[in-house]
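Summary of structural features
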Amino acid sequence: MSILDSIIEGVREDLAARRKPLGQLQEAMDCAAPVRDPLQHLLSNQMSVIAEVKRSSPSKGALAAITDPAGLAEKYEIAGASLISVLTEQRRFGGSLADLDAVRSRVNIPILRKEFMVDEYQFFEARAHGADVVLLIVAALSQSQLNDFHQLAEGLGMRALVEVHTNDELERALAISPKIIGVNSRNLKTLEVDNQSFAELIPRIPTELVRVAESGISKRADVEFAQNSGATAILVGEALVRSGDPSLAMRQLLGADRIGQ
């Protein structure tokens, strides 16, 4: 069993334990904060940042003891992030829906529910907890699931960040006509990182789409490489949560003159 398969198995077990009748989720969705469309935020800068609330990862273990996820997200927003990514997977990443709730209550910019979305229930759940964007990992889904889940997310008013790792996955992603495609340089089956995938895959994404570089971004040179490959946004978690000063870390990644403009 691959690492990805193992994670998904745990996600399904945890989902089964917390699943509620859809009627209860509908009530929560009716009371949820209105959807904030991420496209205007992600396209407003030459290079946008999706800043992540992330406690741990399968590859690095514990990253940071985040006792106040809402406070961290607020710092991200003040520092100029266009989107906040919140991990909600518990077993490998230490996240929760409570983190999503806390962040939604504090920030005004769109929020991505960072989760392994493998069941339609999770989409209703994401909207009920105030998510504006959900993650669709092509490697984890069949083509019919990818298409159906993308339509479901859009039908609920959310956008999908469609994540790819290979050219084949990119072709599958483009077939569903998404607005946001992310190239993850981390192989979810081996956890190895190869930023060369940015140069190989991002130029193949149509320029009218939001093109996100994910994983392996920890210094200014990484951002420049992603940008030179055609990325219009970066998703960063580890480098920010380990920095001790998210504002300074974002300045260093984007250039000191970027923040505050």
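Because the structure is a prediction, the values reported are computed rather than measured.

**Notes on the overall build of the chain**
- Of the regular secondary structure elements, the chain holds 12 helices and 10 strands.
- Taking 2.2 N^0.38 as the reference for a compact globule, 261 residues should give roughly 18 Å; the C-alpha atoms of the chain span a radius of gyration of 17 Å, in line with that estimate.
- Projected onto the principal axes, the alpha-carbon positions of the chain cover approximately 50 × 40 × 35 Å.
- Split into buried and exposed, the 261 residues of the chain put 55% on the buried side.
- Within the chain, residue pairs in contact and separated by at least 24 positions form 67% of the contacts whose partners lie at least 6 positions apart.
- By element, 47% of the accessible surface of the chain is carried by carbon and sulfur atoms, the whole surface being about 11,000 Å².
- Side chains of the chain give 28 positive and 35 negative charges; the mean places of these two sets differ by 3 Å.

**Looking at the sheet that holds strand 10 (residues 233–236)**
- Reading around the barrel, the eight strands line up as 1-4-5-6-7-8-9-10 and close back on themselves, with parallel pairing between neighbours. Averaged over all adjacent pairs, the angle separating strand axes in this sheet is 25°, with direction ignored.
- In this structure, strand 5 (residues 111–114) lies alongside strand 6 (residues 133–137), joined through two bridges in parallel fashion. If you follow Arg113 over to strand 6, its bridge partner there is Val134.

**Focus: the pattern of salt bridges**
- The full count for this structure, using the stated rule, is 17 salt bridges.
- Notably, a salt bridge pairs Glu125 with Arg18, separated by 2.7 Å at the nearest N-O pair. Linking Glu125 in helix 6 (residues 121–128) with Arg18 in helix 1 (residues 3–18), this pair joins segments that are 107 residues apart in sequence.
- Accessibility expressed as a relative area gives 3% for Glu125, which makes it buried.
- Among the charged side chains, a network of salt bridges with common partners joins Arg18, Arg113, Glu115 and Glu125.

**Observations concerning the packing of helix 4 (residues 69–79) against helix 12 (residues 246–254)**
- Across the interface, helix 4 lies against helix 12 with an axial gap of 9 Å and an inter-helix angle of 40°. Classified by the angle their axes make, helix 4 and helix 12 are oblique. Crossing hand, helix 4 versus helix 12: right-handed. In this structure, helix 4 contributes Leu72, Lys75, Tyr76 and Ala79 to the contact, and helix 12 contributes Pro246, Ser247 and Met250.

**Remarks on the packing of aromatic side chains**
- Following the criterion strictly, the structure yields two aromatic pairs and no others.
- The interplanar angle of 35° and the centroid separation of 6.0 Å between the aromatic rings of Phe93 and Phe116 together place this pair among those described as tilted. Here Phe93 is found in the loop between strand 4 (83–87) and helix 5 (97–106), whereas its partner Phe116 is found in the loop between strand 5 and helix 6, with 23 residues between them in sequence.
- Sitting over the ring of Tyr121, Arg19 keeps its end group 5.0 Å from the ring centre.

**Observations concerning the confidence of the model for the chain**
- With 98% of its residues at a pLDDT of at least 70, the chain reaches an overall mean of 93.
- Every residue in residues 257–261 is under pLDDT 50, and counting partners more than four places away or in other chains gives seven contacts.

**What to know about the environment of Glu169**
- With respect to the helices and strands, Glu169 occurs in helix 8 (residues 167–174).
- Put simply, Glu169 and Val138 are 31 residues apart on the chain and 6.1 Å apart in space, counted from C-alpha to C-alpha.

**What to know about helix 10 (residues 220–228)**
- All of the buried residues along helix 10 are Asp222, Val223 and Ala226. Along the axis of helix 10, the buried positions cluster into a sector of 100°, meaning they face one direction only.
- Residues of helix 10 that are buried make contact with helix 9 (196–201), strand 9 (210–214), strand 10 and helix 12.
- Positive phi shows up at Gly230, right after helix 10, with a value of about 115°.

**Comments concerning the nonpolar core**
- Core analysis: the biggest nonpolar cluster contains 64 residues, and Tyr76, Ile84, Leu136 and Ile234 have the highest contact counts within it.
- Here the element with the most residues in this core is helix 6; it accounts for five residues.
- Core analysis: the next-biggest nonpolar cluster, separate from the first, contains 23 residues, Leu4, Val118, Ile137 and Leu161 among them.

Definitions and cut-offs
Residues numbered from 1 in each chain as written. Predicted model: local features only at pLDDT ≥ 70, side-chain atom pairs only at ≥ 80, totals over all residues. Heavy atoms only, no water. Helix = DSSP H or I, 4+ residues; strand = E, 2+ residues; numbered from the N terminus. Rg over C-alpha atoms; globule rule 2.2 N^0.38 Å. Buried < 20%, exposed > 50% of the residue type's maximum accessible area, 1.4 Å probe, protein only. Contact = heavy atoms within 4.5 Å. Areas by Shrake-Rupley, 256 points an atom, 1.4 Å probe, with all protein chains shown as cover. Lys, Arg positive; Asp, Glu negative; His and termini not counted. Charge placed at Lys NZ, Arg CZ, Asp CG, Glu CD. Pairing = 2+ DSSP bridges. Axes fitted to C-alpha atoms, helices over the stretch in contact; angles between N-to-C directions. Salt bridge = Lys/Arg side-chain N within 4 Å of Asp/Glu carboxyl O. Parallel < 35°, antiparallel > 145°, perpendicular 65-115°, else oblique. Left-handed = near helix turned anticlockwise from the far one by under 90°. Phe/Tyr/Trp six-rings, centres within 6.5 Å; stacked < 30°, edge-to-face > 60°. Lys NZ or Arg CZ within 6 Å of the ring centre and 35° of its normal. pLDDT = per-residue confidence, 0-100. Arc of directions from axis to C-beta. Core = buried A, V, L, I, M, F, W, Y, C linked by side-chain atoms within 4.5 Å.

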